[in-house]
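# Coordinate analysis (summary)
What follows is the residue order along each chain.
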Amino acid sequence: MHNLVESFFWASAIALAAPILLAALGETFAQRAGVFTIGIEGLMLSGAFGAAAVASWSGDVIVGFAGAALAGAVLGALYGVAVVLFRADQVVVGIGFNLIVLGATSMLRRGLFPTGMEVPSTSALDRHELPLLGDLPWIGEVLFDQSPIVYALYVLTPFGVFLLFRTRVGLLVRAVGDGALASSAAGIRVPRIRMWVMVVNGTLAGAAGATLVLVNAGGVFVDNLVDGRGYLVLALTMFARWHPGWVALGAVLFGAADALQFIAQATFGGHVPTAVFLMAPYLLALAAWVVMGKRSRAPSDLGVPLLA
Amino acid sequence: MTQRETDTRSGTEVEPSRAPDPVRGGDRARSVERLARLFDRPWPSIIAAFVVSLGIGLLLVVLAGGTAAEAVDVAYRSTVGSQQGMIDSLVYTTPRLLVAVGVIVALRSGQFNLGAEGQLQVGAIGAALGGAFLAPSIPGPLALPVSLLLAMVFGALWAGLAAVLKVWRGCDELITTLLLNFIAIYLVQLMVQGAMKDPSSTFNQSKRVIAVAELPRFGFTRLHYGIVIAVACVVLVWFLLDRTALGLRLRSVGYNPVASRYQQLRVGRLTVAAMLISGAVCALAGAGETLGVQFRLIQGFSSGFGFEGLAIAFLASLRPGRALVIALIFGGIFSTATRLQQELGVTASLAYVVEGLPIVLLACAAGAQALRAQRKGIA
């Protein structure tokens, strides 16, 4: 079991946590504002496809990453038009949206890249050891020898906490999610705030998809690449009680469950089938959900369109 | 915060602080009520949504290099235009229809069962367990019923797990069922790689279902009796929901769990009952594929029937009879998309776009209509 404290294991856990955390930060804001985005799965998938497509055209992963974030923002806004402006049912739109994105990305992949995508060098997003901090024993190897995306998250997560709980913007977001009618009556433009939150949610989900394809999958896009991680994000957001800090902690736990497969051979002697490791993050999410379920209090207007 | 409230009709006390958890999901319950009302769409709007989405599908075919005339010709031949087309459409209709009626039971009872995919996966495990492993050692005529029953029990328990977690721990079934989908998919992988793997095959698949446990087929076609089971389920679910006391109670919980509790309905038990029935019907979709199409447990036998079935249920305004019609259309769409891929090289995933669009369009129309009505009411 000594493998479980090895720096390699935890470094992998953090690397695998990055896409989950990126998307979950956006989803936390969306749910705080009352929008339950089942379509996060589709938003991430469109980001993954956008990243692979743009990277393969431009030959530059950074451009691909930006393209994915932009694609996510546009689709997030479109999603917002349906659930925020048209007041459509959020669950129904989410199911439909995920179906559409799954079909569209698979079609586009075959239509635009019949001979496969050209994977550019992903070295810009590979691990870069930070000076000084990276030399620390264990901690340096785990925390400071990571992809730049992970470093961005070290900043983004505390900023999310600050934004949500210490600023006027955060107060507006929470007000809109906890009492949409009252907020509306108090003169807050609920739809406008929810639309902006959906754009942010889409951007971060797109970036999460880009991370999945460019960092975790080495630049290779396959149909349905996201494969349920969007639903993990939903579960994480909710059992982490809509707090970015807890979300980050939960994401690392998922990363650890995901990383188990890397040390499986050494730790369990190869007797455990791969399916068990693939199942692990979902089992963990279910267990966490069972433990936390009763104690969490959702934003009151989560999932309810504003009829005013 | 308030004192004990007393149900005036029966005089029993209801303690607000010990409200059972299904009631806690009042927000979700509100959305079920909205769903039922908003999706009570007249046929013309459903047809309009389909026309728009089929138009976009046609546009996509043209963009992918086909011509509209070819596409229409393929669509005709793969649905009503040829015997093979009709048979294919019905084969594709079967699992989707079973899932749709299965989730209708849950949704009408206020349970957001998004776990049909998982329930049909464990249903397939149950069917294979019956058809390939138990069947050789039990009397022939029992093989098929036992396999189907096992599938239903597995599916019911899988869905029941989510219901029990909801009642016991207050876990939102929407998330639980989504997570259980993926656990079930990997459970199938685990089975075909390990415990149920056919040792004589290099592929990851179970032993073949023995002949007596197969679903019988119509003549020499590939159409199996799953479609008969599916249509029977449509009738049974309609009868259950609209013509029985249990159905009335279930729908009552779906509309308003709080009021139902004041009516002394056992909301927790009804929650579990709704999910058990829903899971059992959804599991039949997996059993049909295993005993009627694949004849083995394999990975990836379902191309996302679970979510397509949900789309059908929404489009059908949660009515079993309408679900039959919509499922036939979906079967036709899938049959067309498959043949488009063979003949014109257009990816079959086109089907998902054409199936997903109408529910988004209708949901937008319904939401906008509710908003207008609300504003008119206030003004």
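Residues numbered from 1 in each chain as written. Chains lettered and ligands numbered in written order. Predicted model: local features only at pLDDT ≥ 70, side-chain atom pairs only at ≥ 80, totals over all residues. Heavy atoms only, no water.

## Concerning the overall build of chain B
- Looking only at helices and strands, chain B has 15 helices and two strands in total.
- Split into buried and exposed, the 379 residues of chain B put 56% on the buried side.
- Long-range pairs, those at least 24 residues apart, make up 77% of the contacts in chain B between residues at least 6 apart in sequence.
- Element-wise, carbon and sulfur atoms account for 64% of the exposed surface of chain B, whose accessible area totals about 15,200 Å². (Helix = DSSP H or I, 4+ residues; strand = E, 2+ residues; numbered from the N terminus. Buried < 20%, exposed > 50% of the residue type's maximum accessible area, 1.4 Å probe, protein only. Contact = heavy atoms within 4.5 Å. Areas by Shrake-Rupley, 256 points an atom, 1.4 Å probe, with all protein chains shown as cover.)

## Examining the interface of chain A and chain B
- Across the boundary between the two partners, chain A contributes 54 residues, which contact 54 residues of chain B.
- Interface area, chain A with chain B, both sides summed: about 4,700 Å², of which 75% is carbon and sulfur.
- The tally of links from chain A across to chain B stands at zero salt bridges.
- Across the contact surface, chain A and chain B share six residue pairs in polar contact (both at pLDDT 80 or more).
- Among the secondary structure elements, those contributing two or more residues to the side of chain A that touches chain B are helix H3 (61-85), helix H4 (90-112), helix H10 (229-239) and helix H12 (274-292) of chain A. (Buried area = accessible area lost by both parts, 1.4 Å probe. Salt bridge = Lys/Arg side-chain N within 4 Å of Asp/Glu carboxyl O. Polar contact = N/O pair within 3.5 Å; in protein donor to acceptor, adjacent residues only side chain to side chain.)

## Let's talk about the UniProt feature "transmembrane region" (unreviewed entry) in chain A
- Residues annotated in UniProt with the feature "transmembrane region" (unreviewed entry) correspond here to residues 7-26, 33-55, 61-86, 91-108, 148-165, 196-222, 242-260 and 272-292 of chain A.
- Helix and strand shares over residues 242-260 of chain A are 89% and 0% respectively, and the end C-alpha atoms of the span are 27 Å apart. (UniProt positions renumbered as here; feature names shortened; annotations may be inferred.)

## Side note on the environment of Val63(A)
Residues and elements named next belong to chain A.
- Among the secondary structure elements, Val63 is positioned in helix H3.
- Exposure remark for Val63: the relative accessible area of 38% places this residue in the partly exposed category.
- Here Val63 is in contact with Val54 and Ser58, once residues within four sequence places are set aside.

## Overview of the environment of Val192(B)
Residues and elements named next belong to chain B.
- Relative to the helices and strands, Val192 resides in helix H8 (residues 173-193).
- With 45 residues separating them in the primary sequence, Val192 and Ser147 have C-alpha atoms 17 Å apart.
- Val192 has contacts with Lys197, Asn204, Gln205, Ser206, Leu297, Ile298 and Gln299, leaving out every residue within four places of it along the chain.

## Quick look at the pattern of salt bridges
- Using the criterion set out here, one finds 13 salt bridges over all chains in the structure.
- The residue Asp198(B) makes a salt bridge to Arg296(B) at a minimum N-O spacing of 3.7 Å. Placement of the pair is Asp198(B) in the loop between H8 and helix H9 (226-243) and Arg296(B) in the loop between helix H12 (267-294) and helix H13 (305-315), with a sequence separation of 98 residues.
- By relative accessible area, which is 8% here, Asp198(B) ends up buried.
- Here the salt bridges do not stand alone but share partners, grouping Arg109(A), Arg110(A) and Asp223(A) into one network.

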